[in-house]
Amino acid sequence: MKKVFGTGYLASSVTKMHGGAQKVVYKIKCSNGFICVLYVWDLSMNYFKEDIENDDIHQHSYGSHLFELNNKYLKQHGIKTPALYDLNTEKTRYPFDYALVEYADGQTAESYFDHSDSRVQDKVFERLGDMLARMHANERYTFGKADQSEMGTENCHYEQMENAKVQLTYASQYMKDIQVKQNKLLDILCELESRIKPRTQYGYIHGELGPNHVLVNDKLEPFLIDIEGAMFFDIEHEHSFLEIRFGDFYRYLKNDKLDPDRMLFYRFHHHISLLSGGLKLLHRGFPDEQFAKDLANYHAACALQFIEEYYK
């Protein structure tokens, strides 16, 4: 703190903040009243360490480089996200990267779901909808990270196709219903993918934008956090996730120009991915065991519902 901010900044308390499946987050209070946040990218404390080491899809949303890259891109394009004060990647004193980041004092967007004043709800979610529309309007002809410019040889949804197969294989080892219906689920995945027509225009998305990844300050301004997974991609990937996570409040965020075939494919992929993700958290000691169980069970039920709809 002294090195970055000066001798007047002495840490008086450090508190671990809730969440953080892929990085550890601490709130730091200084004796002079200043508050900031410490991000630590320690792979040994990452609940998806195994997936990252196996070169799985999770590597695309982990690491200080991606945080720095996307923080810069969002700031340049007027999308609110906490400022990056300092990033240390030297690994001389500690074997991990860490950063000091602005503390955005406020609550998550989720806390506004039950707000007593509908006018406040309108303001928060309309502002979030405007922010996402502006972010998604940043487009280019190739998909991938903001610093990648080479043309991909495949459509971006192929990544999700292969990831869904991997996650289904994992889930089928631990859930009998998924194991029994695995082939039918794979058939549906292939059928939904076959309906998608090629495209060469991609918008900039957050990548995992649940209401817990939106902070709202005292001026009712939304800030995006956990931005490592941001990239240029099909915006239907984002919108299908928003639809799941925001429920009735998705009406503030919706876009009338989305491809319905992509929306359905990505929604199915999200259910499979979140089902597997819940199981992995459960198996790897995530502190909120009930959350992990509920996550896996809910999305298992949603994935299996596709079979009922498909084989009517």
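Below you will find a few notes about this structure.

Assigned secondary structure in the chain consists of ten helices and eleven strands. Projected onto its principal axes, the C-alpha positions of the chain cover 65 × 45 × 40 Å. Evaluated residue by residue, the chain yields a buried proportion of 49% over its 312 residues. Taking the intrachain contacts of the chain between residues at least 6 apart in sequence as the baseline, contacts between residues at least 24 apart amount to 66%. Of the side-chain charges in the chain, 36 are positive and 46 negative, and the distance between the mean point of each set is 3 Å.

With 13 residues, helix H3 (residues 64–76) ought to run about 18 Å at 1.5 Å a step, and its terminal C-alpha atoms sit 18 Å apart, in line with that. The set of residues buried in H3 consists of Ser 64, Leu 66, Phe 67, Leu 69, Asn 70, Asn 71, Tyr 73 and Leu 74. Here the buried face of H3 lies against strand S3 (35–41), strand S4 (84–88), strand S5 (97–102), helix H4 (118–136), strand S8 (202–205) and strand S11 (231–233). Just past H3, the residue Gly 78 takes up positive phi, approximately 70 degrees.

This structure, assessed with the given rule, holds twelve salt bridges. Residue Asp 117 pairs with Arg 119 through a salt bridge whose shortest N-O separation is 3.2 Å. Overall, Arg 119 belongs to the exposed group, its relative accessible area being 64%. Across the pair Glu 289 and Lys 293 runs a salt bridge, and its minimum N-O distance is 3.5 Å. Residue Glu 289 and its partner Lys 293 are located together in helix H10 (residues 289–310), separated by four residues, close to a single helical turn. With a relative accessible area of 33%, Lys 293 lands in the partly exposed category. One continuous salt-bridge network, built from bridges that share partners, spans Arg 199, Asp 234, Glu 236, Asp 259 and Arg 262.

Here the focus is the environment of Phe 268. Relative to the assigned elements, Phe 268 resides in helix H9 (residues 260–283). Take Phe 268: its relative accessible area is 0%, and that puts it in the buried class. Apart from residues lying up to four places away in sequence, Phe 268 is in contact with Leu 185, Ile 188, Leu 189, Leu 192, Ala 303 and Phe 306.

In summary, soluble globular proteins display a tendency toward joint burial of nonpolar side chains. Phe 125, Ile 178, Leu 224, Phe 246 and Phe 268 are the most contacted members of the largest nonpolar core, which totals 71 residues. Phe 246 has contacts with Ala 109, Phe 113, Phe 125, Leu 128, Leu 209, Gly 210, Pro 211 and Leu 253, leaving out every residue within four places of it along the chain. Of all hydrophobic cores here, the second largest spans seven residues; its members include Val 24, Cys 36, Val 40 and Leu 100.

The subject of this paragraph is the packing of aromatic side chains. Counted under the stated rule, the structure contains 28 aromatic pairs. Judged by centre distance (4.8 Å) and plane angle (5 degrees), the rings of Phe 113 and Phe 249 are stacked. Remark: Phe 249 occurs in the loop between helix H8 (235–246) and H9 and Phe 113 occurs in the loop between strand S6 (106–108) and H4; sequence separation between them is 136 residues. Of the two residues, Phe 113 and Phe 249, both sit in the buried class. In textbook terms, an aromatic cluster arises when at least three aromatic residues are bridged by ring pairs, as seen for Phe 113, Phe 125, Phe 246, Phe 249 and Tyr 252. The side chain of Lys 23 reaches across the aromatic face of Tyr 39, ending 4.8 Å from its centre. The cationic tip of Arg 251 hangs over the ring face of Phe 249; the distance from NZ or CZ to the ring centre is 5.5 Å.

Within this model, the second largest pocket holds a volume of roughly 540 Å³. Contributing to the lining of the second largest pocket are 19 residues, with Met 1, Asn 88, Tyr 94, Tyr 98 and Leu 100 lying nearest its centre. Mapped by element, the contributors of at least two residues to the lining of the second largest pocket are helix H1 (2–5), strand S1 (11–16), strand S2 (24–30), S4 and S5. In terms of residue count, S4 provides more of the lining of the second largest pocket than any other element does, three residues in total. The residue makeup of the lining of the second largest pocket, split by class, is twelve nonpolar, two polar and five charged.

Let us look at the sheet that holds S2. Hydrogen bonds along the backbone pair up the strands of a sheet, which may run parallel or antiparallel. Across the sheet, which stays open at both edges, the five strands sit in the order S1-S2-S3-S5-S4 with antiparallel pairing between neighbours. The strands lining the two open edges of the sheet, one partner per strand, are S1 and S4. Here the average twist between neighbouring strands, direction ignored, is 20 degrees. In this sheet, S3 lies alongside S2 in antiparallel orientation, the contact comprising six bridges. What sits directly across from Ile 28, in S3, is Cys 36. Of the strands in this sheet, S3, S4 and S5 are in contact with H3, which crosses S4 at around 155 degrees.

A cluster of basic side chains, namely Lys 75, Lys 80, Arg 134 and Lys 219, defines a positive patch on the protein surface. Mapping Lys 219 onto the fold places it in the loop between strand S9 (214–217) and strand S10 (222–224). On the basis of relative accessibility, which here comes to 59%, the residue Lys 219 falls in the exposed class.

Calculation criteria
Residue positions are given per chain, counting from 1 as you read along its sequence in written order. Side-chain atom pairs in this predicted model are given and counted only at pLDDT of 80 or more, local residue features only at pLDDT of at least 70, and totals for whole chains, interfaces and linings cover all residues. Only hydrogens and water are removed before side-chain values are computed, so all heavy atoms of the structure are retained for them. What counts as a helix is a DSSP run of H or I of at least four residues, what counts as a strand is a run of E of at least two, and both are numbered from the N terminus. Type-normalised accessible area, obtained with a 1.4 Å probe on protein chains alone, sets the label of each residue: buried when under 20%, exposed when over 50%, and partly exposed for intermediate values. Working rule for contacts: check all heavy atoms of both residues, and any pair within 4.5 Å makes them a contact. Just so you know, the count uses Lys and Arg for positive and Asp and Glu for negative, and it drops His and the chain ends. Charge placement uses NZ in Lys and CZ in Arg. For Asp and Glu, CG and CD serve respectively. In this analysis, the expected span of each helix is defined as 1.5 Å times one less than the number of residues it contains. Whenever Lys or Arg places a side-chain nitrogen within 4 Å of a carboxyl oxygen from Asp or Glu, that contact is recorded as a salt bridge. Here, nonpolar core refers to any group of buried Ala, Val, Leu, Ile, Met, Phe, Trp, Tyr and Cys residues whose side-chain atoms link them within 4.5 Å. Working definition: rings of Phe, Tyr and Trp (its six-membered ring) pair if their centres are within 6.5 Å, and the pair is stacked with planes under 30 degrees apart, edge-to-face with planes over 60 apart, and tilted otherwise. Here, a charge over a ring is recorded when the distance from Lys NZ or Arg CZ to the ring centre is within 6 Å and its angle to the ring normal is within 35 degrees. Definitions used for this entry: grid spacing 1 Å over protein atoms alone; cavity, a set of points where a 1.4 Å probe fits but cannot get out; pocket, an open set with protein on both sides within 12 Å along at least 5 of 7 lines; lining residue, one with an atom within 4 Å of a point. Grid points are joined across faces, edges and corners, and a volume is the space filled by probe spheres set on the points. When residues are sorted by character, Ala, Val, Leu, Ile, Met, Phe, Trp, Tyr, Cys and Pro go into the nonpolar class, Asp, Glu, Lys and Arg into the charged class, and all the rest, Gly among them, into the polar class. Any two strands between which DSSP finds at least two bridges are classified as paired. Think of each axis as a best-fit line through the C-alpha atoms, taken over the contacting stretch in the case of a helix, with angles from 0 to 180 degrees between the N-to-C directions. For patch detection, residues must exceed 30% relative accessible area and be free of salt bridges, and they are connected within 9 Å for like charges or within 5 Å for nonpolar side chains (Val, Leu, Ile, Met, Phe, Trp, Tyr). Values of accessible area rely on a 1.4 Å probe in the Shrake-Rupley scheme; residue burial ignores everything except the protein chains shown.

The quantities given are spatial measurements derived from coordinates; they are silent on function.
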